[in-house]
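Okay, here's what each chain looks like letter by letter:
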Amino acid sequence: MAITASMVKELREKTGAGMMDCKKALVETDGDMEKAIDYLREKGIAKAAKKADRIAAEGLAYVATEGNKAVIVEINSETDFVAKNDNFKNLVAELAKQILADNPASVEEALAKPMHGETVETYINSQIAKIGEKISLRRFEIVEKADSAVFGSYLHMGGRIGVLTVLDGTTDEDLAKDVAMHIAAIKPVYVSRDEVPAEEVNREREVLKQQALNEGKPENIVEKMVEGRLSKYFEDVCLLDQPFVKDSDHKVGKYVANKGASVQTFIRYEVGEGMEKREDNFAEEVMSQVKK
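In short, a report on the structure. A quick note: this is a predicted structure, and the numbers were derived from the prediction, not measured.

Details of the environment of glutamate 200
- Along the chain, glutamate 200 falls in helix α10 (residues 198–214).
- Aside from chain neighbours lying at most four places away, what touches glutamate 200 is Tyr190 and Tyr233.

With respect to the sheet that holds strand β2 (residues 69–77)
- In space, the three strands of this open sheet follow the order β1-β2-β5, with antiparallel pairing throughout. Single-partner strands in this sheet number two, and they are β1 (58–66) and β5 (136–144). Each neighbouring strand pair of the sheet contributes to a mean axis angle of 15 degrees, computed without reference to strand direction.
- Bridge count between β1 and β2: nine bridges; the pairing is antiparallel. Each bridged residue has a counterpart across the sheet, and for alanine 64 the counterpart in β2 is valine 71.

Remarks on the side chain of glutamate 78
- For glutamate 78, the location among the structural elements is in the loop between β2 and α5 (80–83).
- For glutamate 78, a relative accessible area of 4% translates into the label buried.
- A distance of 2.8 Å separates the side chain of glutamate 78 from the backbone nitrogen of lysine 134, its partner in a polar contact.

Section: the layout of surface pockets
- Taken as a whole, the second largest pocket holds about 250 Å³ of empty space.
- As for the second largest pocket, its lining consists of Met20, Asp21, Lys24, Tyr39, Leu40, Lys43, Ile45, Gly117, Glu118, Thr119, Thr122 and Ser126.
- Of all the secondary-structure elements, those providing two or more residues to the lining of the second largest pocket are α2 (19–28), α3 (33–42), β4 (118–119) and α8 (120–131).
- Broken down by element, the lining of the second largest pocket gets its largest block of residues, three residues, from α2.
- When the residues that make up the lining of the second largest pocket are grouped by side-chain class, the tally is four nonpolar, four polar and four charged.

Rules used in this analysis
- Residues numbered from 1 in each chain as written.
- Predicted model: local features only at pLDDT ≥ 70, side-chain atom pairs only at ≥ 80, totals over all residues.
- Heavy atoms only, no water.
- Helix = DSSP H or I, 4+ residues; strand = E, 2+ residues; numbered from the N terminus.
- Contact = heavy atoms within 4.5 Å.
- Pairing = 2+ DSSP bridges.
- Axes fitted to C-alpha atoms, helices over the stretch in contact; angles between N-to-C directions.
- Buried < 20%, exposed > 50% of the residue type's maximum accessible area, 1.4 Å probe, protein only.
- Polar contact = N/O pair within 3.5 Å; in protein donor to acceptor, adjacent residues only side chain to side chain.
- 1 Å grid on protein atoms, 1.4 Å probe; cavity = no way out; pocket = protein on both sides within 12 Å on 5 of 7 lines; lining within 4 Å.
- Points joined across faces, edges and corners; volume = space filled by probe spheres on them.
- Nonpolar A, V, L, I, M, F, W, Y, C, P; charged D, E, K, R; others polar.

What follows is the structure in structure tokens.
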């Protein structure tokens, strides 16, 4: 029986499984919709799809490196209980290495790549059935460096926060890791002032000016006050302007420069940032069961 696009669409809507999984199920069952649903359930794929409306806001960030390439990934689960599971940790590491090898340009492209004789998406679905929670590849970024540069990485709380840094002009991995630790703790947004968009600086300057005027400061000193307060703003958002956590007598930029290096870039992932948190609380659910 010929498998049509509308049949695949219908099965996808009924199960939430991926398009390729739905097509394969229909082929294997000669187009029988009910048998195809059972096929997906048996494979654990339909079970995974039923969890698709849940928000996977827990999980882990992870960094993998190979030669002059590195990747930082965020893979989500529904609960931190599963995020601490060794099977999940191994899956995260495996997916990071796969992405680094495939060099995809997007999450969609990464999910379509082959892995263990199937697609990455199908492989993740098979792991969902095994682990029992929704798992999703949320984001990743691949970075390449020159031979004169070094990668630094740091995972806080086992991967709740992950940071990847690139320092140029040095081979000191400990220095690069120290900078990554600083970024994990202080949460800068930009490397340097040059990266801050002009409109953002102008907006901040105008806000600070109005604040000073509202405080009744004389107009002839407002501009000087604004520039002083703007420096504090840059210290909040720019890595190089921040006092280094391991040596607060020096700014990060100065500390790194004294080592003959410079910060080229960094990526900081905090698991679940920007995502709506689940309304259900796993810890509370467990405690309520214990009390019964």
